[in-house]
Amino acid sequence: QVQLVESGGGLVQAGGSLRLACAASGRTFSSNAMGWFRQAPGKEREFVASISWNGGDTIYAGSVKGRFTISRDNAKNTAYLQMNSLKPADTFVYYCAAARHLYVSSSTENYIYWGQGTQVTVSS
């Protein structure tokens, strides 16, 4: 079992940066790929980024590639999402998730543990 708690969301001006953290509990953290997703009210949850079990591979949604960086520190049981050059279009609730497998995935179907979400609002 894995429990996830996000932090670091908030209000930021366009062009600014935020660093989200996802603290995980459980012995299986290092055996799970991790992902970040985001969701707007009334919309489906959409993929943002994913990182493999050891951090050796990452994938990103095209809308954030080059601006966001996913990372993890298995010794601290924590995954991160560094968000730079933020735009108003990045305003969503952001969720971290742990996958059922070791490798990167953009599909919500491959994630079995989810955090509670943290609001990111980017003003113009």
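The rules behind the values
- Residues numbered from 1 in each chain as written.
- Predicted model: local features only at pLDDT ≥ 70, side-chain atom pairs only at ≥ 80, totals over all residues.
- Heavy atoms only, no water.
- Helix = DSSP H or I, 4+ residues; strand = E, 2+ residues; numbered from the N terminus.
- Pairing = 2+ DSSP bridges.
- Axes fitted to C-alpha atoms, helices over the stretch in contact; angles between N-to-C directions.
- Disulfide = S-S within 2.5 Å.
- Buried < 20%, exposed > 50% of the residue type's maximum accessible area, 1.4 Å probe, protein only.

Asks: What's the story with the environment of A75 in this structure? I'm lost.
Replies: Within the element layout of this structure, A75 appears in the loop between β7 (68-73) and β8 (78-83). Here the alpha-carbon distance between A75 and V12, two residues 63 residues apart in the chain, equals 30 Å.

Asks: What exactly am I supposed to notice about the sheet that holds β7 here?
Replies: Strand pairs in the sheet, formed through backbone hydrogen bonds, run parallel or antiparallel to each other. Read from one edge of the open sheet, four strands run β1-β3-β8-β7, paired in antiparallel fashion. Both edges of this open sheet fall to β1 (3-7) and β7, since each of them pairs with a single strand only. Within this sheet the neighbouring strands show an average axis-to-axis angle of 15°, counted without direction. As defined by bridge partners, β1 adjoins strand β3 (residues 18-25) across five bridges and the pair is classed as antiparallel. Across the sheet, residue Q3 finds its bridge partner in β3, namely S25.

Asks: Just checking my understanding: could you explain the state of the cysteines for this structure?
Replies: Joining two cysteines, a disulfide is a covalent bond between their sulfur atoms. A full pass over the atoms with the stated rule returns one disulfide. Between the sulfur atoms of C22 and its disulfide mate C96 the distance is 2.1 Å. Across the S-S bond of C22 and C96 the torsion is about 60°, and the bridge reads as right-handed. Remark: C96 occurs in strand β9 (residues 92-99) and C22 occurs in strand β3; sequence separation between them is 74 residues. Residue C96 is classed as buried on the basis of its relative accessible area of 0%.

Asks: I tried to follow the environment of G26 on my own but got confused; where do I start?
Replies: Assignment of secondary structure puts G26 in the loop between β3 and β4 (34-39). Assessed through its relative accessible area of 33%, G26 is described here as partly exposed. Put simply, G26 and N77 are 51 residues apart on the chain and 8.5 Å apart in space, counted from C-alpha to C-alpha.

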